[in-house]
Amino acid sequence: MQERRQTKQRTALLEALAHAEEPLSAEQLFSKLQPQFPRLALSTVYRNVERMVEEGAVQKELTEGGVSLYGLQDRHGHYLICLNCQKKVRLTHCPLEAVEKQLSEETGFSIESHNLTLYGTCPSCREKEKKNEKT
Ligand SMILES: [Zn+2]
Ligand SMILES: [Zn+2]
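Calculation criteria
- Residues numbered from 1 in each chain as written.
- Chains lettered and ligands numbered in written order.
- Predicted model: local features only at pLDDT ≥ 70, side-chain atom pairs only at ≥ 80, totals over all residues.
- Heavy atoms only, no water.
- Phe/Tyr/Trp six-rings, centres within 6.5 Å; stacked < 30°, edge-to-face > 60°.
- Lys NZ or Arg CZ within 6 Å of the ring centre and 35° of its normal.
- Core = buried A, V, L, I, M, F, W, Y, C linked by side-chain atoms within 4.5 Å.
- Buried < 20%, exposed > 50% of the residue type's maximum accessible area, 1.4 Å probe, protein only.
- Helix = DSSP H or I, 4+ residues; strand = E, 2+ residues; numbered from the N terminus.
- Domains from an automatic or database assignment.
- Contact = heavy atoms within 4.5 Å.
- Buried area = accessible area lost by both parts, 1.4 Å probe.
- Salt bridge = Lys/Arg side-chain N within 4 Å of Asp/Glu carboxyl O.
- Polar contact = N/O pair within 3.5 Å; in protein donor to acceptor, adjacent residues only side chain to side chain.
- Pairing = 2+ DSSP bridges.

## Brief notes about the packing of aromatic side chains
Throughout the structure, instances matching the rule amount to zero aromatic pairs. A cation sits over an aromatic face here: Lys88 above Tyr79, 4.4 Å from the ring centre.

## Points about the nonpolar core
In this structure, Leu29, Leu33 and Tyr70 are the most contacted members of the largest nonpolar core, which totals 17 residues. Going through the elements one at a time, helix 1 (2-19), helix 2 (26-33) and helix 3 (42-55) are the ones with two or more residues in this core.

## Some words on the domain arrangement of the protein chain
For the protein chain, the assigned domains read domain 1 (1-71) and domain 2 (74-135). Distance from the C-alpha centre of domain 1 to the C-alpha centre of domain 2: 25 Å. Domain 1 puts nine residues into the contact, and the matching count from domain 2 is eight residues. Interface of domain 1 and domain 2: buried area, both sides summed, is about 750 Å²; carbon and sulfur atoms make up 37% of it. The largest per-residue losses of area from domain 1 upon contact with domain 2 belong to Glu61, Leu62 and Glu64, which jointly make up 53% of the total buried on that side. Taken together, domain 1 and domain 2 are joined by two salt bridges. Linking domain 1 with domain 2 are three residue pairs in polar contact (both at pLDDT 80 or more).

## A closer look at the pairing of strand 2 (residues 68-71)
Neither face of strand 2 is exposed, since Ser68 and Tyr70 on one face and Leu69 and Gly71 on the opposite face are all buried. The pairing of strand 1 (residues 59-62) with strand 2 spans four bridges and is antiparallel. By the bridge assignment, Leu62 is partnered in strand 2 with Ser68.

Spelled out as structure tokens, the structure:
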């Protein structure tokens, strides 16, 4: 019985993620699932979704504020990746709306989505580099 309930929760979690436009935090997932599972605990959601990350079914990323967000394969996203510590930061605002519109006019393509990844060095790694230079 216990196991069956867990499977149902995992299915519901995946469905919630599949229907979400943007990656969700554990709290957001929790509030989406609560009507269906009134006795659900936030810690259970967190544990389940973390396990799915380990299994590779779900992608995890950090916001600029350090909150974990969970999502399925991204169809629309913009990221900064630190080449030093591999930290991945998601940009919350789309910087490409104007570019998309212009490209669409230029090429005649109807553009549905895009992914953008920028590589560099994060503030804390830059800080460390600076300190190393001094010594
Ligand atoms: Zn870094
Ligand atoms: Zn965008």
